[in-house]
Amino acid sequence: MKLTTNTKVHDLLDKYPFMLDFLAAYNPKFSILKNKAMRETMGRVATLSMASTMGGIPVEKLIGDIAREISAIAGEKIETGDDS
């Protein structure tokens, strides 16, 4: 999976379910993802760019931290960058 500013939170959590706990602990505003209904509705439209704005985190930092966590837990090298 390539992580970009346009990656949907739902797609991220669908591929890497363990990221739910990481994101909820990463920023208090992301704890809303623990609510299944919110995750299923907001997660389908929210991008990593939107999440970074909501959490007050630079999007590059958020994407980098997510990529590092996936690499650490799943052992996968995660590509990051723009959508082009």
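Every chain is numbered on its own, with residues counted from 1 as its sequence reads. Per-residue local features of the predicted model are confined to residues with pLDDT of at least 70, and side-chain atom pairs are confined, for both listing and counting, to 80 or more; whole-chain, interface and lining totals are unaffected and use all residues. The basis for every side-chain value is the complete set of non-hydrogen atoms in the structure, without hydrogens or water.

Novice: Run through the packing of helix α4 (residues 48-55) against helix α5 (residues 59-74), naming residues and quoting values.
Specialist: For every element, the axis is a line fit to its C-alpha atoms; helices are fit only across the contacting stretch, and the angle between N-to-C directions ranges from 0 to 180 degrees. What counts as a helix is a DSSP run of H or I of at least four residues, what counts as a strand is a run of E of at least two, and both are numbered from the N terminus. Contact geometry of α4 with α5 gives a least axis separation of 9 Å together with a crossing angle of 110°. By the angle between their axes, α4 is roughly perpendicular relative to α5. Of the two elements, α4 crosses α5, and the hand of that crossing is right-handed. Contacts between α4 and α5 pair Leu48, Ser49, Ala51 and Ser52 from the former with Val59, Leu62, Ile63 and Ile66 from the latter. We call Asp, Glu, Lys and Arg charged. Ala, Val, Leu, Ile, Met, Phe, Trp, Tyr, Cys and Pro are nonpolar, and the rest, Gly among them, are polar. Its residues assigned to classes, the contact of α4 with α5 comprises 6 nonpolar, 2 polar and no charged. If an angle is under 35 degrees, it is roughly parallel; if it is over 145, roughly antiparallel; if it lies from 65 to 115, roughly perpendicular; otherwise it is oblique. The handedness criterion is simple: a crossing whose near helix is rotated anticlockwise from the far helix by less than a right angle is left-handed, and one whose near helix is rotated clockwise is right-handed. What makes two residues a contact is simply this: any of their non-hydrogen atoms within 4.5 Å.

Novice: Explain the nonpolar core to me, using residue names and the numbers behind them.
Specialist: In this description, a nonpolar core means a group of buried Ala, Val, Leu, Ile, Met, Phe, Trp, Tyr and Cys residues linked to one another through side-chain atoms lying within 4.5 Å. Buried, partly exposed and exposed residues are distinguished by accessible area as a fraction of the type maximum, computed with a 1.4 Å probe on protein chains only: under 20%, between the cut-offs, and over 50%, respectively. Membership of the largest hydrophobic core comes to 22 residues, with the highest contact counts inside it found for Leu3, Leu12, Leu23, Ile66 and Ile70. Broken down by secondary-structure element, the contributors of at least two residues to this core are α1 (9-15), α2 (19-26), α4 and α5. Sorting elements by how many residues they give to this core places α5 first, with 6 residues.

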